[in-house]
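# Summary of structural features
These are the residues of each chain, in order.
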Amino acid sequence: MIDRQTNIRLAIVVAMARNYVIGKDDGLPWQLPDDLKWFRQVTMGKPIIMGRVTFDSIGKALPGRDNIVISRNNDFQEGNVTVAGDMEDAIAIAEAFAIARDVNEIAIIGGAQIYAEALPNVSRLYLTEIDADIEGDTFFPTFSMDEWDRSVAQEITSDDRNQYAARMLTLDRKA
Ligand SMILES: NC(=O)c1ccc[n+]([C@@H]2O[C@H](COP(=O)([O-])OP(=O)(O)OC[C@H]3O[C@@H](n4cnc5c(N)ncnc54)[C@H](OP(=O)(O)O)[C@@H]3O)[C@@H](O)[C@H]2O)c1
């Protein structure tokens, strides 16, 4: 567990297929514009922490959020991004941004390596459950639903825009 100095909530934001797939070929193996809208809504205004591969796949800093990218490469540099050398460093930087902006949550937005490292430390998951098994090469770590209180925030049906049905859940770790 990472030692923390503040009560600012750490939350993971992830979209996951039934078989735990979250990515393929360094991208997302689905088209779900309503999930992207949801992602924007839950992350806007907050510090966001991501791995360097995820940053490369997005291709730019996301506006309206403090972008923190974790990399072991000391030479890594990008516009509008703060680089952190590890998860602990990233959380400390994110806490400083959160305090400066008076927000009470830090969003950890992937990918698989970063989720695996962050999961024991987070108290909330914004989980989009996609109603399909989808082929991919990157997976969310397995976890037990029993350890979380679950509420449904939104549901989407598959249509000509959204490729699959899905539901957006908020999971809070049980005390
Ligand atoms: N479905 C979703 O919600 C969702 C969300 C985000 C991403 N994704 C998908 O996930 C995939 C990418 O995930 P990934 O696991 O391959 O990569 P990632 O977690 O995004 O990034 C991995 C990189 O982060 C850096 N890193 C990781 N742990 C570190 C540590 N302890 N200290 C320092 N640096 C560290 C390293 O960067 P350097 O190599 O620069 O050292 C490493 O190569 C893509 O397919 C993406 O589309 C899905």
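Residues numbered from 1 in each chain as written. Predicted model: local features only at pLDDT ≥ 70, side-chain atom pairs only at ≥ 80, totals over all residues. Heavy atoms only, no water.

### Observations regarding the UniProt feature "domain: DHFR" (unreviewed entry) in the protein chain
- In the numbering used here, UniProt assigns the feature "domain: DHFR" (unreviewed entry) to residues 9-173.
- Secondary structure content for residues 9-173 is 24% helix and 34% strand, while the C-alpha to C-alpha distance between its ends is 11 Å. (UniProt positions renumbered as here; feature names shortened; annotations may be inferred. Helix = DSSP H or I, 4+ residues; strand = E, 2+ residues; numbered from the N terminus.)

### Some thoughts on helix 1 (residues 33-43)
- Within helix 1 the residues assigned to the buried category are D34, D35, W38, F39, V42 and T43. Seen along its axis, helix 1 keeps its buried residues to an arc of 160°; they face one direction. Counted as exposed and oriented over 90 degrees from the buried face of helix 1: L36, K37, R40 and Q41.
- Elements in contact with the buried residues of helix 1: strand 1 (9-17), strand 3 (47-51), strand 6 (105-108), strand 7 (124-130), strand 9 (148-156) and strand 10 (166-173).
- Taken from the residues just after helix 1, G45 is the one with a positive phi, measuring 85°. (Buried < 20%, exposed > 50% of the residue type's maximum accessible area, 1.4 Å probe, protein only. Arc of directions from axis to C-beta. Contact = heavy atoms within 4.5 Å.)

### Side note on unusual backbone geometry
- The omega torsion across G110 and G111 is 0°, close enough to zero to call that bond cis.
- In this structure, D25 takes a positive phi of about 50° despite not being glycine.
- Judged by relative accessible area, D25 falls into the exposed class, the value being 61%.
- The phi dihedral of D26 falls on the positive side, at around 65°, and the residue is not glycine.

### A look at a negative patch on the surface
- There is a patch of like negative charges on the surface, built from D3, D86, E88, D89 and E117.
- Among the secondary structure elements, D86 is positioned in the loop between strand 5 (81-84) and helix 3 (87-101). (Patch = residues over 30% accessible without salt bridge, like charges linked within 9 Å, V, L, I, M, F, W, Y side chains within 5 Å. Areas by Shrake-Rupley, 256 points an atom, 1.4 Å probe, with all protein chains shown as cover. Salt bridge = Lys/Arg side-chain N within 4 Å of Asp/Glu carboxyl O. Lys, Arg positive; Asp, Glu negative; His and termini not counted. Charge placed at Lys NZ, Arg CZ, Asp CG, Glu CD.)

### Some thoughts on the sheet that holds strand 4 (residues 66-70)
- Taken in spatial order, the 8 strands make up an open sheet running 5-4-3-6-1-7-10-9, and their pairing is mixed. Because the sheet does not close on itself, it has two edges, and the strands there are strand 5 and strand 9. The average angle at which neighbouring strand axes cross in this sheet is 25°, direction not considered.
- Pairing analysis gives 7 bridges linking strand 7 to strand 10, with the strands arranged antiparallel. Bridging from a neighbouring strand, Y126 pairs with T170 of strand 10. (Pairing = 2+ DSSP bridges. Axes fitted to C-alpha atoms, helices over the stretch in contact; angles between N-to-C directions.)

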